[in-house]
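# Observations on the model geometry
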Amino acid sequence: MLKRFVKEVTGRAATSTYYTMKRFSKLFALIFICCLAPKLYATHIRAGEITAELVSCQGYTYRITITGYEDTESGIEFGEGILNFGDGSERKLEPGKDFITRQIIDGDKQIRVTEFVVEHTFPASGNYTITYLELNRNALILNMSYSVGTPFFIQTQIITDPFYCNNTPVLTNPPVDGATVGQAFIHNPGAYDPDGDSLSFKMVLPLQDKDLPVNDYAYPDEYDRTRGDNDDPIRQDGSQPVSLSIDPINGTLTWDAPANPGEYNVSFIIEEWRKIENEWIFLGYVTRDMQIIVEDAKNKRPEIADLPDTCVIAGSTIEMAVSASDPDGDQLYFTAFGEAFELLSSPATFSPDVQTPLNSPAEGVLRWQTTCTQVRTEPYQMNIKVNDLPATGPTLADYTDFNVKIVGPAPVFKTIGQQEGGISLQWETYACADQAVSVSLYRKQGESNFTPGTCQTGIPERLGFEKIADFDAGLIAYRDNNQGETFETGATYCYRLLATYPDGSESLVSEEFCVSIPTNAPYLTKVSVLKTSQTDGSIEINWSRPLNTDELPQGYTFTLLRGNGFSSTGALEVIASGLTDTLFIDESLNTQDEIYHYQVAVVDAENQILESSPQASSVRLSVQAEKTSISLSWQADVPWSNQTNEYPYHYIYRAVGESPELSAMELVDSVRLTASGFEYVDRNLPEIENNRDTQICYVVQTQGRYSLELPLPAPLLNFSQRVCVAPLDSIPPCAPSALLIANANNEECEAFLAAQPCDFNGFENRLEWQAPETTCADDLAGYHVYFSADGEEDYQRIASLVQESFYVDGPLASYAGCYKISSVDISGNESELSEAFCRENCPSFSLPNVFTPNGDGVNETFEALREPFCPRFIEKVELWVYNRWGKQVYYYNSDNNQNQETNLISYWDGTSDTGGKVSAGVYYYQAEVTFKILDPQRAARKYKGWVQVAYESIVGQ
């Protein structure tokens, strides 16, 4: 014992031999410390953290809680430290005034917890690091030197922007925990975010002051391997090496396994992130400094069964059994923690409660009656902890954590019908109307027959639905007038409803309700490729006669029209007229490379169009070869549905060799269409000769139907064009050439930005290139686009199989970067990368000659001039300010500032390096600005000049 304390107070290396004598010698030790170190004011702090709660989203006032865990044997109470708010102000805690609670939470381990709560108003929006410093940590912490004389320092970072209206994470599991030699130690802080933000976790070094780690620190596993008395530490299962880690997602800390008895401290931070417009925004962190007390005992850790993540619809009741057992047969008790148990309204519960010991094996029950108020994007992390109750030695714990996602119920349609000039829809009052911010109506032409998964929220983009209206969640009816445009006769329009909640989360989507617009037009029923060729291709087109021919004049005929692509809104080409039959073969087409769509019209004897059908396209198949498989995907734009419950299969035909006849192809598989879309991967490739020219060819046949309301034939069967690929082809195509970036010169960059605000960040680069000659790229499948931020060789692919000879990269934070393009053939061969083509930024920067830091809120800081100059593309700023005698009074480096974006623009508020305001007068500056440009030799530029500091407004400035 004496040996350990001498080393502690003299700062030499730690040893663990003290621990068995600790309980017998603490009084002597305390007297000894007091004699050796009379100036040590505190020897008591085990653990702690700082959290902050925003009082109102309309202000900058926070309720800051400092929670400290202390060793009661020291006789010293927590709370004599300095709280620094990170805005230039600080205060000393007043134990008789500020503390809220002080209670012993573990009498055996002599642990007391104290909470202090202080309200503070920050001056403005900003990034503030709140810190707390108190003397000192408790004695005998093994993995640092001289803990009895080491200050305790914790920090928390917050962003006070009212836009975020943000609170820090909350930690519900105490940070002092017990462990046993040889048993894996597991701890979870029980962290949750009251705003529903996402949390991440990472280890950091314990601190004794700002940016100053404690002396001679070693992580506990490192201590065991290098400093402890156990020369050969092992994990619980007997393997090596021992390890310490924290799960970055759920925060579970695992030390497998302690080898030396004693007290250890570790520190980690809990970061919070919010997703805004598909971008993750960092909102700050909380640091937890915690203590692990390891004893040498025979006790083994209990085990709790893992529980799966789950998802429920708001309003449902969750009931889950949780089981645990103890290898020593000790009694057990459960503790449940996490946000769901802290909710003010309808919280989750766990029974039996923590006061009830249970025989092993034990079982508890989680119950939660969910409500609409709990719907959000992020799941709720549930943490269930089981502790044993051994006769001797420390209580040990095991954890299970799992996520519960609460989703909004689907809106429920009641009726749909056509009214003159529109379509009327009614639905039931939304079940969560009081919580949802809106209900949206989506529409598409044709049925989707989409059935979402149990908790699949939103509407998949691939279904082709378009949002046509947002309205209050309490609304129960809507009339769709198609924005004054006439609905297409003969077409079927399908609708779905979707609710949205305050955090942007979406509900389950409603069932699909459809209505067909009456017409006496013919209906296209087939657009099927008969022959694939660049010059001699053919397509079969079929259609129905009008449903009520009695309304048509005698001698009516059909006119068939055609266009290129999947669809068009412009005029179509008449390819046949005066038709009396309902079948036509369109010949001499380039069905290999082109897509065609058709429309059929009824005309009278004077060749006047009476009615026209909706347009329908051919089926377009794309194929891509991999090393051991070939991937197929296809699409068509048709007025019927190619994805129905009645006809769910599409068919895959295949042949070895470039056979032009469908009859020569073999039906090899069928695809039951799912949420993944019209896709298929052929992994059972036929054996082919070792010849790179041998091809495998494919054709896909789709099937579908019109709405059941229409008495039309079904299923509707259509073939795609034939596509062939040579899996053994290893010869790549030629690379593209004649590369350029549109409007890439400096003058055009400056002219464009002159018309944009200073915070503009919607930059984009339009890349254009020339396709390779067909002689070396006759089987071209597309282009890959590569990007490098600095033009070096680390080019990363940013787009794959681009079909056109251009690509728009954006929105971007800046223009600067270099691109290369490659060609890819249908066998998966990729050409060499093209020559690089680059675009440079056009930076700008200017400084003023006067500023007035007098507190009136106008021209308060020395900063880059704004409109019309606009500081652009700045990466770093260093500033030196000198008085008239050449003495430096101020230095600034943007790298040292937390809010990097703001501090790249604003540099000096008139305060000198010594902390006081400089006197009014003229000062001289030198600035070095590093710009974001490709050429590192030109990136740094120097600026010299003078600036007048005035404390009264200067007329005319």
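## Here's the deal with the overall build of the protein chain
- Along its length, the protein chain carries six helices and 64 strands.
- Seen through its C-alpha atoms, the protein chain measures out along the principal axes to roughly 120 × 80 × 65 Å.
- Across the 957 residues in the protein chain, those meeting the buried criterion constitute 51%.
- In the protein chain, of all internal contacts separated by at least 6 residues, the share reaching a separation of at least 24 is 69%.
- Summed over all atoms, the accessible surface of the protein chain reaches about 44,000 Å², with 47% contributed by carbon and sulfur.
- Separation between the mean location of the 66 positive side-chain charges and that of the 132 negative ones in the protein chain comes to 8 Å.

## Remarks on the sheet that holds strand 30 (residues 438–445)
- Sheet architecture is open: four strands sit in the order 31-30-33-34, paired in antiparallel fashion. Every other strand in the sheet has two partners, leaving strand 31 (466–471) and strand 34 (513–516) as the edge strands with one partner each. Put simply, the sheet's adjacent strands are angled 25 degrees from each other on average, direction ignored.
- Where strand 33 (residues 492–500) meets strand 34, four bridges bridge the pair, whose relative direction is antiparallel. Bridged to Tyr495 within strand 34 is Phe513.

## Thoughts on the sheet that holds strand 36 (residues 537–543)
- Read from one edge of the open sheet, three strands run 35-36-39, paired in antiparallel fashion. The two strands at the open ends of the sheet, each matched to only one other strand, are strand 35 (524–531) and strand 39 (583–589). Averaged over neighbouring strand pairs, the angle between their axes works out to 20 degrees when direction is ignored.
- Note that strand 36 and strand 39 share five bridges and pair antiparallel. If you follow Gly537 over to strand 39, its bridge partner there is Leu589.

## A closer look at the pattern of salt bridges
- If you walk through the whole model with that rule in mind, you get 30 salt bridges.
- A salt bridge links Arg367 to Glu319, with the nearest nitrogen and oxygen atoms 3.2 Å apart. With Arg367 in strand 25 (residues 362–369) and Glu319 in strand 22 (residues 317–325), the pair connects residues that are 48 residues apart, well separated along the chain.
- Among the residues examined, Glu319 registers a relative accessible area of 55% and is labelled exposed.
- Measuring nitrogen to oxygen at the nearest pair gives 2.8 Å for the salt bridge that ties Arg654 to Asp682. Of this pair, Arg654 sits in strand 45 (residues 649–656) while Asp682 sits in strand 47 (residues 679–682); the two residues are 28 residues apart in sequence, bridging distant segments of the chain. Pair check on accessibility: Arg654 and Asp682 agree, each one buried.
- A single network of salt bridges, built from pairs that share partners, joins Arg46, Asp71 and Glu263.

## Considering the state of the cysteines
- Going through the model one piece at a time under the given rule, you end up with nine disulfides.
- A sulfur-sulfur distance of 2.0 Å marks the disulfide that ties Cys494 to Cys514. On the sign convention where negative means left-handed, the S-S torsion of about 110 degrees between Cys494 and Cys514 marks this disulfide as right-handed. On the criterion of sequence distance, the pair formed by Cys494 in strand 33 and Cys514 in strand 34 is long-range, its members being 20 residues apart.
- Under the relative-accessibility criterion, Cys494 is labelled buried at 0%.

## Structural notes on the environment of Ile318
- The topology assignment puts Ile318 in strand 22.
- For Ile318, a relative accessible area of 5% corresponds to the buried category.
- For the pair formed by Ile318 and Asp195, sequence separation is 123 residues and the distance between their alpha carbons is 22 Å.
- If we ignore the near neighbours within four places in the chain, the residues touching Ile318 are Val312, Leu366, Arg367, Trp368, Thr370 and Val404.

## Some thoughts on the packing of aromatic side chains
- Summed over the entire model, instances satisfying the criterion amount to 39 aromatic pairs.
- Judged by centre distance (5.8 Å) and plane angle (85 degrees), the rings of Tyr556 and Phe558 are edge-to-face. Judged on exposure class, the residue Tyr556 and its partner Phe558 are both buried.
- Feature note: the residues Phe851, Phe862, Tyr890, Trp908, Tyr923 and Tyr925 constitute an aromatic cluster, connected by ring pairs.
- If you follow Arg839 out to its NZ or CZ, it ends over the ring of Tyr815, 3.7 Å from the centre.
- The side chain of Arg884 reaches across the aromatic face of Trp885, ending 5.6 Å from its centre.

## A look at unusual backbone geometry
- The omega angle of the peptide bond from Gln240 to Pro241 is 0 degrees, so this bond is cis rather than trans.
- By the secondary structure assignment, Pro241 is in the loop between helix 3 (220–226) and strand 16 (243–246).
- Cis peptide bonds are those with omega within 30 degrees of zero, and the linkage from Gly810 to Pro811 qualifies with 0 degrees.
- You can see Pro811 is positioned in strand 55 (residues 806–812).
- Phi angles above zero are rare outside glycine, and Phe873 is one such case at about 60 degrees.

## What to know about the side chain of Asn138
- Of note, Asn138 is situated in the loop between strand 7 (127–134) and strand 8 (152–159).
- Apart from residues lying up to four places away in sequence, Asn138 is in contact with Thr43, His44, Ile45, Arg46, Asp71, Ser147, Val148, Glu263 and Gln291.

## Structural notes on the nonpolar core
- Formed by 49 residues in total, the largest nonpolar core has its most connected members in Phe334, Trp368 and Met382.
- Residues Val529, Phe558, Leu579 and Val638 belong to the second largest nonpolar core, which totals 26 residues.

## Things to note about the environment of Gln418
- Relative to the assigned elements, Gln418 resides in strand 28 (residues 413–419).
- By relative accessible area, which is 43% here, Gln418 ends up partly exposed.
- Spatially, the C-alpha atom of Gln418 lies 45 Å from that of Asp682, the residues being 264 residues apart in sequence.
- Excluding residues within four positions of it along the chain, Gln418 makes contact with Ile423, Val515, Ser516, Ile517 and Pro518.

## Some thoughts on the pairing of strand 48 (residues 696–704)
- In terms of residue burial, strand 48 counts as a mostly covered element, since nine of its nine residues are buried.
- Residue alternation in strand 48 divides its side chains into two sets, Ile696, Tyr698, Val700, Thr702 and Gly704 and Cys697, Val699, Gln701 and Gln703, and both sets are buried.
- For strand 45 and strand 48, the ladder comprises six bridges, and the chain directions are antiparallel. For Tyr653, the partnering residue across the bridge sits in strand 48 and is Val699.
- As paired strands, strand 48 and strand 50 (residues 723–725) are joined by three bridges and run antiparallel to one another. Each bridged residue has a counterpart across the sheet, and for Ile696 the counterpart in strand 50 is Val725.
- One ladder, built from four bridges, connects strand 48 with strand 49 (residues 716–719); its direction is antiparallel. Looking at the pairing, Gln701 lines up with Phe719 of strand 49.

## Details of the confidence of the model for the protein chain
- When pLDDT is averaged across the protein chain, the result is 87; 93% of the residues are at 70 or more.
- Model confidence for the protein chain, summarised as mean pLDDT per element, is weakest for helix 1 (residues 2–10) at 35 and strongest for strand 49 at 97.
- Contacts of residues 1–42 to residues separated by more than four positions or lying in other chains number 78 contacts, the stretch itself having pLDDT below 50.

## Here's the deal with the side chain of Arg288
- Within the secondary structure, Arg288 sits in strand 19 (residues 279–295).
- Within polar-contact distance, the side chain of Arg288 engages the side chain of Glu49 at 2.9 Å.
- The residues touching Arg288, leaving out its near neighbours within four places in the chain, are Gly48, Glu49, Leu171, Asn173, Pro174, Pro175, His187, Pro189, Val266, Ser267, Phe268 and Ile270.

## Concerning the pairing of strand 40 (residues 596–603)
- Among the eight residues in strand 40, eight count as buried, and that is most of the element.
- Residues Tyr596, Tyr598, Val600 and Val602 point to one face of strand 40 and His597, Gln599, Ala601 and Val603 to the other, with burial holding for every one of them.
- Judged from the eight bridges that link them, strand 37 (residues 557–564) and strand 40 form a sheet pairing that is antiparallel. Residue pairing for strand 40: Leu560 is matched across the bridge by Val600.
- Counted between consecutive antiparallel strands, the loop separating strand 40 from strand 41 (residues 609–612) contains five residues, among which Asn607 sits at a positive phi close to 65 degrees.

## Notes on the environment of Pro546
- Following the sequence through the fold, Pro546 ends up in the loop between strand 36 and strand 37.
- Pro546 gets classed as buried once you look at its relative accessible area, which sits at 4%.
- Setting aside its immediate chain neighbours within four residues, Pro546 contacts Asn520, Ala521, Pro522, Leu552, Phe558 and Val602.

Conventions used here
Numbering of residues begins from 1 in every chain and follows the order in which that chain's sequence is written. Confidence filtering applies because this is a predicted model: local features only for residues at pLDDT of at least 70, side-chain atom pairs given and counted only at 80 or more, and all residues used for totals across whole chains, interfaces and linings. The side-chain figures draw on all heavy atoms in the structure; neither hydrogens nor water molecules are used. Secondary structure counts use DSSP, requiring at least four H or I residues in a row for a helix and at least two E residues in a row for a strand, with both numbered from the N terminus. Summary of the burial criterion: residues with accessible area below 20% of their type's maximum are buried, those above 50% are exposed, and those between are partly exposed, where the area comes from a 1.4 Å probe applied to protein chains only. Should any heavy atoms of two residues lie within 4.5 Å, those residues are counted as being in contact. Accessibility throughout is a Shrake-Rupley quantity obtained with a 1.4 Å probe, and a residue counts as covered only by protein chains that appear here. Counted as positive: Lys and Arg. Counted as negative: Asp and Glu, with His and the chain ends omitted from the count. Just so you know, the charge point we use is NZ for Lys, CZ for Arg, CG for Asp and CD for Glu. Two strands pair under a simple rule: DSSP has to find at least two bridges between them. Axis lines are fitted to C-alpha atoms, over the contacting stretch for helices. Their N-to-C directions set the angle, which ranges from 0 to 180 degrees. Salt bridge, as used here, is a side-chain nitrogen of Lys or Arg placed within 4 Å of a carboxyl oxygen of Asp or Glu. Two cysteine sulfurs form a disulfide in these notes if their separation is within 2.5 Å. Aromatic rings from Phe, Tyr and Trp, taking only the six-membered ring of Trp, are treated as a pair when their centres fall within 6.5 Å; an angle between ring planes under 30 degrees marks them as stacked, one over 60 as edge-to-face, and anything in between as tilted. Only when the NZ of Lys or the CZ of Arg is both within 6 Å of the ring centre and within 35 degrees of the ring normal is a charge said to sit over the ring. In plain words, nonpolar cores are sets of buried Ala, Val, Leu, Ile, Met, Phe, Trp, Tyr and Cys residues tied together by side-chain atoms within 4.5 Å. On a range of 0 to 100, pLDDT expresses the predictor's confidence in each residue. Distance and chemistry together define a polar contact, namely a pair of N or O atoms within 3.5 Å, with one atom able to donate a hydrogen and the other to accept it when in protein, and with adjacent residues in sequence counting only for side-chain atoms on both sides.

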